[in-house]
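Observations on chain architecture
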Amino acid sequence: MSDYLLKAAQVRLMIFDVDGILTDGSLHFGPEGEALKTFNVLDGQGIRLLQDAGIATAIISARQSAIVSKRAADLGITHVRQGIHDKQSAFLSLIAELDIPAAACGFIGDDVIDLPVLSRVGFSVSVPNGHAEVRQRVDFVTTAGGGKGAVREICDIILRAQDKYDQALARYLS
């Protein structure tokens with residue numbers, strides 16, 4: 001088994017950045033100045049599959065957005081930290097609250113603000129459109145881009161590494 005799969009097999013908590021990961025990183029603003037974001041439905045289903053397999057999920061984002069709160073609620077992600085530029089402190093607080101060691105966490109991020117968390121988790125991931133400094137420091141870079149199925153790709157990898165993929169799909173195949 002390759003190194004990144006061994007690390008993915010240990011994940012008990014998968015944490016997602018938002019802009020550039022759950023979205024393609026574009027910022028669109030409506031006429032009242034509200035931020036609009038586009039999310040990928042495949043990513044959402046991947047997150048639900050992780051949760052159904054007993055893997056906790058969380059969001060840590062530097063930006064504050066009501067639409068992220070709505071999307072997280074729709075997906076059952078209860079651990080959401082937004083508007084926090086010190087992602088490391090948010091991460092440390094989260095794992096203390098959940099009593100999960102850093103080595104049992106995964107994080108997917110795309111920019112240098114994510115490096116403090118990426119350097120501490122057991123399984124670090126970025127996307128092909130992530131910053132070069134980030135891509136060269138992670139365990140795995142997805143094939144799919146941010147907002148284009150990268151989250152689903154990593155969810156499937158974790159489920160396969162933990163031998164939970166077939167079970168996750170079983171209810172859809174019967």
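Residues numbered from 1 in each chain as written. Predicted model: local features only at pLDDT ≥ 70, side-chain atom pairs only at ≥ 80, totals over all residues. Heavy atoms only, no water.

**Examining the overall build of the chain**
A count of helices and strands for the chain gives 8 helices and 8 strands. Over its C-alpha atoms the chain spans a radius of gyration of 15 Å, differing by no more than 12% from the 16 Å that the globule rule assigns to 174 residues. Dimensions along the principal axes, computed over C-alpha positions, put the chain at roughly 50 × 35 × 30 Å. Considering the chain as a whole, with its 174 residues, one finds that 50% of them fall into the buried category. Across the chain, the fraction of contacts at a sequence separation of at least 24, relative to all contacts at a separation of at least 6, is 56%. Surface accessibility of the chain: about 8,200 Å² in total, with carbon and sulfur atoms responsible for 52%. (Helix = DSSP H or I, 4+ residues; strand = E, 2+ residues; numbered from the N terminus. Rg over C-alpha atoms; globule rule 2.2 N^0.38 Å. Buried < 20%, exposed > 50% of the residue type's maximum accessible area, 1.4 Å probe, protein only. Contact = heavy atoms within 4.5 Å. Areas by Shrake-Rupley, 256 points an atom, 1.4 Å probe, with all protein chains shown as cover.)

**Comments concerning the pattern of salt bridges**
Opposite charge on two side chains permits them to pair, given that their charged atoms come into close proximity. All told, the structure shown has 11 salt bridges when counted by the stated rule. Of the charged contacts in the structure, one is a salt bridge between lysine 7 and aspartate 3, with a shortest N-O distance of 3.7 Å. In this pair, lysine 7 and aspartate 3 are both assigned in helix H1 (residues 3-8), 4 residues apart and thus about one turn of the helix distant. Residue lysine 7 is classed as partly exposed on the basis of its relative accessible area of 26%. We note a salt bridge from aspartate 156 to arginine 152, for which the minimum N-O separation is 3.1 Å. One end of the pair, aspartate 156, and the other, arginine 152, are both in helix H7 (residues 150-161), 4 residues apart, so they sit about a helical turn from each other. If you follow the salt bridges from partner to partner, you end up with Asp3, Lys7 and Asp139 in one network. (Salt bridge = Lys/Arg side-chain N within 4 Å of Asp/Glu carboxyl O.)

**Concerning the packing of helix H2 (residues 41-52) against helix H3 (residues 66-75)**
A pair of packed helices can be characterised by two numbers: the angle between their axes and the separation between those axes. At a closest axis distance of 10 Å, the pairing of H2 and H3 adopts a crossing angle of 50°. Accordingly, the angle class assigned to the pair H2 and H3 is oblique. Residues Val41, Gly44, Ile47, Arg48 and Gln51 of H2 pack against Arg71, Asp74 and Leu75 of H3. (Axes fitted to C-alpha atoms, helices over the stretch in contact; angles between N-to-C directions. Parallel < 35°, antiparallel > 145°, perpendicular 65-115°, else oblique.)

**A look at the packing of aromatic side chains**
Counting across every chain of the model gives 1 aromatic pair. One cation-aromatic arrangement involves arginine 160 over tyrosine 165; the distance from NZ or CZ to the ring centre is 3.8 Å. (Phe/Tyr/Trp six-rings, centres within 6.5 Å; stacked < 30°, edge-to-face > 60°. Lys NZ or Arg CZ within 6 Å of the ring centre and 35° of its normal.)

**Considerations on the sheet that holds strand E4 (residues 56-60)**
Read from one edge of the open sheet, 6 strands run E5-E4-E1-E6-E7-E8, paired in parallel fashion. Both edges of this open sheet fall to strand E5 (79-81) and strand E8 (140-141), since each of them pairs with a single strand only. Two elements, E4 and E5, share 3 bridges in a ladder whose sense is parallel. Within E5, the residue paired with isoleucine 59 across the bridge is valine 80. With respect to the sheet, helix H4 (residues 87-98) is in contact with strand E1 (13-16), E4, E5 and strand E6 (105-108), its orientation differing from that of E5 by roughly 160°. (Pairing = 2+ DSSP bridges.)

**A look at the state of the cysteines**
Taken as a whole and judged by the stated rule, the model has 0 disulfides. The thiol sulfur of cysteine 155 is not disulfide-bonded, and the nearest other cysteine sulfur, from cysteine 105, lies at 15 Å. (Disulfide = S-S within 2.5 Å.)

**Let's talk about H4**
Taking 1.5 Å per residue as the helical rise, H4 with its 12 residues ought to reach 16 Å, and the 16 Å between its terminal C-alpha atoms agrees with that figure. Among the residues of H4, Lys87, Ala90, Phe91, Leu94 and Ile95 are the ones counted as buried. Seen from one end, H4 has its buried residues packed into an arc of 125°, which puts them on one side. Buried residues in H4 make contact with E1, E4, E5, E6 and helix H5 (115-118). (Expected span 1.5 Å × (residues − 1). Arc of directions from axis to C-beta.)

**Structural notes on the pairing of E4**
Among the 5 residues that make up E4, 4 are buried, leaving the element largely enclosed by the rest of the structure. Sheet topology places E1 next to E4; 4 bridges connect them, and they run parallel. Counted as the bridge partner of methionine 14 is threonine 57 from E4.

Everything listed is a geometric property; what it means functionally is a separate question.
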